[in-house]
Amino acid sequence: MPYTNPASYDEFMGRWSRRLAPRFIDFVGLGAAKRVLDVGSGTGVLTRALLDAAPGLEVVGVDPTATYVEYARQSVLSPHACFEYGTADALPFADNSFDATFSLLVLQELPDAPRAVHEMARVTRQGGTIATCKWDFRNGMPMLSLFSQAAEAVAPEVVARRRAEIKARPAYDSIEKIAALWEACRLVDIRQMVLEVSLGVASFDDLWRPFLGGSTGEAVFARELDDATDGGVTRSMREIVEAEYGKGTFSLTARAFAVTGVASGGAL
Ligand SMILES: C[S@@+](CC[C@H](N)C(=O)[O-])C[C@H]1O[C@@H](n2cnc3c(N)ncnc32)[C@H](O)[C@@H]1O
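Residues numbered from 1 in each chain as written. Predicted model: local features only at pLDDT ≥ 70, side-chain atom pairs only at ≥ 80, totals over all residues. Heavy atoms only, no water.

Caption draft 1: Structural view of the site of the ligand. Taken together, 19 residues form the shell around the ligand, and within it Gly40, Asp63, Thr65, Ala88 and Leu104 come nearest. A distance of 2.6 Å separates an oxygen atom of the ligand from a polar side-chain atom of Thr65. Here the ligand has 590 Å² of accessible area as a free molecule, and 94% of this is covered by the chains. When grouped by side-chain class, the residues that make up the shell around the ligand number ten nonpolar, seven polar and two charged. (Near = heavy atom within 4 Å. Polar contact = N/O pair within 3.5 Å; in protein donor to acceptor, adjacent residues only side chain to side chain. Areas by Shrake-Rupley, 256 points an atom, 1.4 Å probe, with all protein chains shown as cover. Nonpolar A, V, L, I, M, F, W, Y, C, P; charged D, E, K, R; others polar.)

Written out as structure tokens, the structure reads:
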């Protein structure tokens, strides 16, 4: 999924991540961790939340998207944080470099998730934590479901094609599947929890404008489809949102799957 325009990401998905990150950290716990890795660190949302949760912590973020790494470097100005380029399936760190490894909203991006989890375990010391959290895209992310409904109403064939493409990717679309992945990668003491976060939305425009900023694959799709339909998706989305929530402020609640385990230190 292409990631561009990090400032727009912060308005689009980042406002959700900012609410989810502290809940995820609370669920996983930091124990006595001193050095933590944030895989797929994006614009630095989780790194910032980790530093807020434990100010003495040292956090390293790693992400393959150059513009996001630069943005995070410029916006998370702590001497305890740094950001590197790299992908989850070939982490640029030595074995046992971290006390804990977190990844927030990244699992859906990984072409080879088992390999990425093995990498996360490799760079985490024995007894350290490896944790992930991913939106429930089936029906737990209403902002995207509303868009999907709006897009389908104006361009059903295009949406069907896109759904088929997305379906072809490996999906960890239930908390059980994510926990099974953790088990298959020989992590132990696995715990799981469904996390919910709510976002207050000021108006239809507040919800919709960030879709058009082109920050993620979904946002690029939204903008292109809106252009191709001469604003048809905007009109359809407005109709659906205003029918459901009226014209004033409203709130949306999203659901995410969080799973954590412990590196057993055995050969992987
Ligand atoms: C939805 S964003 C989440 C960013 C951040 N963790 C947050 O919660 O706001 C997904 C991130 O995964 C990164 N990403 C994509 N492919 C990746 C890979 N193979 N390994 C690690 N990160 C990846 C993207 O560049 C993007 O920053």
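Caption draft 2: View of the pattern of salt bridges. Applying the stated criterion across every chain yields a total of 16 salt bridges. Measuring nitrogen to oxygen at the nearest pair gives 3.3 Å for the salt bridge that ties Arg163 to Glu152. Pair noted here: Arg163 is in helix α6 (residues 156–167) and Glu152 is in helix α5 (residues 142–154), with a separation of eleven residues, a long-range link. When its relative accessible area of 37% is taken as the criterion, Arg163 is described as partly exposed. Close ionic contact of Asp173 with Lys177 constitutes a salt bridge, the shortest N to O distance being 2.7 Å. (Salt bridge = Lys/Arg side-chain N within 4 Å of Asp/Glu carboxyl O. Helix = DSSP H or I, 4+ residues; strand = E, 2+ residues; numbered from the N terminus. Buried < 20%, exposed > 50% of the residue type's maximum accessible area, 1.4 Å probe, protein only.)

Caption draft 3: Quick peek at the state of the cysteines. As enumerated under the stated definition, the model contains zero disulfides in all. For Cys133, which is in no disulfide, the shortest distance to another cysteine sulfur is to Cys185 and amounts to 18 Å. What makes Cys133 buried here is its relative accessible area of 0%. (Disulfide = S-S within 2.5 Å.)

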